[in-house]
Amino acid sequence: MLLVRAIIRPEKVGIVLSELLSAGYPAVTKMDVYGRGKQKGVKVGEVFYDEIPKEMLLMVVDDADKDDVVKIIMKYSRTGENGHFGDGRIFVSPVEEAYTISTKSKGL
């Protein structure tokens, strides 16, 4: 099992979630987050914004599904054909165990 964390632009969340659902990946946790990446914030006129609003999507998937999930997120999170600064990041980490609280069952 793997945890996929995607930090993406808020305006891209709808299409990403829709495409994940269509591909058979309905289980997602979504959170509002704020931060900055390599660009260290954005200056608009005289105002400097160092905390940019983003959305974080969290998904636990089987190892075999990782490439498909990452490709979907990558494809639908990019702005323009070549992408732009601030499009986001995807992090993949191992998950040792998972449990469903209501059934006490182990696994996905």
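This one's a predicted model, so the numbers in the text were calculated from it and none came from an experiment. (Residues numbered from 1 in each chain as written. Predicted model: local features only at pLDDT ≥ 70, side-chain atom pairs only at ≥ 80, totals over all residues. Heavy atoms only, no water.)

### Remarks on the overall build of the protein chain
Note the following rule: By the criteria applied, helices consist of DSSP H or I runs no shorter than four residues and strands consist of E runs no shorter than two, each listed in order from the N terminus. Whether two residues are in contact is decided by their heavy atoms, any of which lying within 4.5 Å being enough. By the counting scheme adopted, Arg and Lys are positive, Glu and Asp are negative, and His together with the chain ends is not counted. Positions of charges follow a simple convention, taking NZ of Lys, CZ of Arg, CG of Asp or CD of Glu.
A count of helical and extended segments in the protein chain gives 2 helices and 8 strands. Helices and strands in the protein chain line up, N terminus first, as β-α-β-β-β-β-α-β-β-β. Summarising its shape, the C-alpha atoms of the protein chain cover approximately 55 × 25 × 20 Å along the three principal directions. Counting only contacts in the protein chain whose residues sit at least 6 apart along the sequence, the fraction spanning at least 24 positions is 73%. Separation of charge centres in the protein chain, based on 16 positive and 16 negative side chains, amounts to 4 Å.

### Description of the environment of Arg5
As a reminder, the rule being used: In this scheme, a residue with accessible area under 20% of its type's maximum is buried, one over 50% is exposed, and one in between is partly exposed, where area comes from a 1.4 Å probe on protein chains only. Polar contacts here mean pairs of N or O atoms no more than 3.5 Å apart (in protein, one a potential hydrogen donor and the other a potential acceptor; neighbouring residues in sequence count only if both atoms are side-chain atoms).
Secondary-structure assignment places Arg5 in strand β1 (residues 2-8). In this structure Arg5 comes out as partly exposed when scored by relative accessible area, which is 29%. For the pair Arg5 and Glu46, spaced 41 residues apart in sequence, the C-alpha to C-alpha distance is 33 Å. With near-sequence residues (within four places) excluded, Arg5 lies in contact with Met56, Leu57, Leu58, Arg89, Ile90, Phe91 and Ser93. Of the polar contacts made by the side chain of Arg5, one reaches the side chain of Ser93; its length is 2.8 Å.

### Points about the nonpolar core
Using the following cut-off: Each nonpolar core is a collection of buried residues, namely Ala, Val, Leu, Ile, Met, Phe, Trp, Tyr and Cys, held together in the definition by side-chain atoms within 4.5 Å.
Within the largest apolar cluster, 14 residues are counted, with the highest numbers of intra-cluster contacts made by Ile8, Leu20, Val69 and Ile73. The element best represented in this core is β1, accounting for 4 residues. Not counting chain neighbours up to four residues away, the residues in contact with Val69 comprise Val4, Leu20, Tyr25, Met59 and Val61.

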